[in-house]
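Geometric and topological summary
Residue strings, one per chain:
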Amino acid sequence: MAEITAGMVKELREKTDAPMMECKKALTEAGGDLQKAEEILRVKLGNKASKAAARVTAEGIVGLYLSADGKLAAMVEVNCETDFVAKNDDFLALVNGSAKLIAEHNPADVAALSALPMGEGTVESTRAALVGKIGENMSIRRFVRIAAEGKVASYVHGGSKIGVLVDVVGGDEALAKDLAMHIAASKPKSLDSSGVSADLIDAERRVAIEKAREAGKAEDMITKIAEGSVQKFLKEVTLLGQVFVKADDGKQTIEQLLKAKSAKIAGFTLYLVGEGIEKKTTDFAAEVAAQAAAAAAAR
């Protein structure tokens, strides 16, 4: 049997917000497999066990560039170690300058972006100089460039911690702005169900099946119940299936809104700064105690 360490329990607790003992039990049942343990907790505790999945875990900002005619846009995420540096003027200039270069030069990847000219050197030399000046590491994580089919609307929120670009064909500026704000608020995973990974759907189906069994549902009904749960899940995580956040009746979906406005969404990109990055935390009391012990041992 796999050893369940305190670190494993802590990691699962931070990811799910479930009680410590429940995390330990789930890990034991899953043989130490973190993903299986999360699914077990979701069966037992419901969706609240995954509410921390998109929690921001690193500092930085997103930078946006949008052409005057809305036909060309770029968005870049640049990470740093502290929120203080994320507000630094030189750091902001690096981020926004990078976004403009992405739009103008269409680099293939971060390495190509880093080699582009900036100031008296390149993006990379500017970044390196800034690291030396401020004394804090920073890195360009990802970017996207959109040559629009329609027009791009952009939106940033939370001190540029959330960034959205959405390519809207038809409609008007008010609709496009509403759609960008909806995406920031509702955080869809894709435009429609075709963009949701099979692994994610399979995991949702497994959870639904186990929940139905624990609820004592008849075996011949479990598959039907599970498929209903999967369809509900897909509506919640796909943009077209989501209920519009400003819907007067609380029921109108984005798909219905677009139809009413004779518009469509060609695509969108949502960045949550630090999403999926584990932020290093420091136990200062333990660090001081360790330093004191080392000093005493050296005497």
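Residues numbered from 1 in each chain as written. Predicted model: local features only at pLDDT ≥ 70, side-chain atom pairs only at ≥ 80, totals over all residues. Heavy atoms only, no water.

**Some remarks on the overall build of the protein**
Counting its regular elements, the protein contains twelve helices and eight strands. The buried share of the protein, taken over its 299 residues, is 38%. Counted over contacts in the protein with a minimum sequence separation of 6, partners at least 24 positions apart contribute 62%. Only carbon and sulfur atoms are counted for the fraction: they give 53% of the accessible area of the protein, which is about 16700 Å². (Helix = DSSP H or I, 4+ residues; strand = E, 2+ residues; numbered from the N terminus. Buried < 20%, exposed > 50% of the residue type's maximum accessible area, 1.4 Å probe, protein only. Contact = heavy atoms within 4.5 Å. Areas by Shrake-Rupley, 256 points an atom, 1.4 Å probe, with all protein chains shown as cover.)

**Brief notes about the sheet that holds strand S7 (residues 162-169)**
One open sheet holds the three strands; their spatial order is S6-S7-S8, and the pairing between them is antiparallel. Only two strands of the sheet have a single neighbouring strand rather than two, namely strand S6 (151-157) and strand S8 (264-272). Between one strand axis and the next, the sheet turns through 15 degrees on average, direction left out of account. Looking at chain direction, S6 and S7 are connected through seven bridges and run antiparallel. Bridging across to S7, Tyr155 finds its partner in Val164. (Pairing = 2+ DSSP bridges. Axes fitted to C-alpha atoms, helices over the stretch in contact; angles between N-to-C directions.)

**Some thoughts on the nonpolar core**
If you look at the biggest cluster of nonpolar residues, it comprises 23 residues, and the most contacted ones within it are Val166, Leu179, Ile183, Ile254, Leu258, Ile265 and Leu270. In terms of residue count, the dominant contributor to this core is helix H8 (residues 173-186) (six residues). The residues touching Leu179, leaving out its near neighbours within four places in the chain, are Val168, Ile254, Leu257, Leu258 and Ile265. Formed by 22 residues, the second largest nonpolar core is a distinct cluster that contains Val76, Cys80, Phe91 and Leu94. (Core = buried A, V, L, I, M, F, W, Y, C linked by side-chain atoms within 4.5 Å.)

**Things to note about the confidence of the model for the protein**
Residues with a pLDDT of 70 or more make up 87% of the protein, whose mean pLDDT is 87. At the low end of the mean pLDDT range in the protein sits helix H12 (residues 284-298), at 55; at the high end sits S7, at 98. (pLDDT = per-residue confidence, 0-100.)

**Quick word on the pattern of salt bridges**
Scanning the model with the defined rule gives 15 salt bridges in all. As a salt-bridge pair, Lys133 and Asp90 come within 2.6 Å of each other at their nearest N and O atoms. Here Asp90 lies in helix H5 (residues 89-105) and Lys133 lies in helix H7 (residues 123-134), a separation of 43 residues in the sequence. One salt bridge connects Lys246 with Asp178, and the closest N-O pair in it is separated by 3.0 Å. Taken as a pair, Lys246 in the loop between helix H10 (219-237) and helix H11 (254-260) and Asp178 in helix H8 lie far apart in primary sequence, 68 residues in all. One network of salt bridges, in which partners are shared, links Glu59, Asp83, Lys87 and Lys161. (Salt bridge = Lys/Arg side-chain N within 4 Å of Asp/Glu carboxyl O.)

**Notes on the side chain of Thr269**
The topology assignment puts Thr269 in strand S8. Overall, Thr269 belongs to the buried group, its relative accessible area being 15%. Not counting residues up to four positions away in its chain, the partners in contact with Thr269 are Met75, Val144, Ile146, Gly163, Val164 and Leu165.

**A few points about helix H9 (residues 198-214)**
Over its 17 residues, H9 extends 24 Å from the first C-alpha to the last, a length consistent with the 24 Å expected when each residue adds 1.5 Å. Within the span of H9, buried status applies to Ile201, Ala203, Glu204, Val207, Ala208 and Ala212. Mapping the buried residues of H9 onto a view down its axis gives an arc of 170 degrees, with all of them on the same face. The exposed residues of H9 that point more than 90 degrees off its buried face are Ala198, Asp199 and Glu214. (Expected span 1.5 Å × (residues − 1). Arc of directions from axis to C-beta.)

**Observations concerning unusual backbone geometry**
Phi angles above zero are rare outside glycine, and Asn106 is one such case at about 50 degrees. By the secondary structure assignment, Asn106 is in the loop between H5 and helix H6 (110-114). Classification of Asn106 by relative accessible area gives partly exposed; the value is 47%.

**Examining the sheet that holds strand S1 (residues 59-66)**
Ordered in space as S1-S2-S5, the three strands form an open sheet in which the pairing is antiparallel. On the outer flanks of this sheet lie S1 and strand S5 (138-147), each paired with one strand and no other. On average, adjacent strands in this sheet sit at an angle of 15 degrees to one another, irrespective of strand direction. Both S1 and strand S2 (residues 72-80) contribute to a ladder of eight bridges, which runs antiparallel. Along S2, the bridge assignment pairs Ile61 with Val78.

**Some points on the side chain of Gln242**
Positionally, Gln242 belongs in the loop between H10 and H11. At 3.4 Å, the side chain of Gln242 forms a polar contact with the backbone oxygen of Ser186. Here Gln242 is in contact with His182, Ser186, Lys187, Pro188, Lys235, Glu236, Val237, Gln252, Thr253 and Ile254, once residues within four sequence places are set aside. (Polar contact = N/O pair within 3.5 Å; in protein donor to acceptor, adjacent residues only side chain to side chain.)

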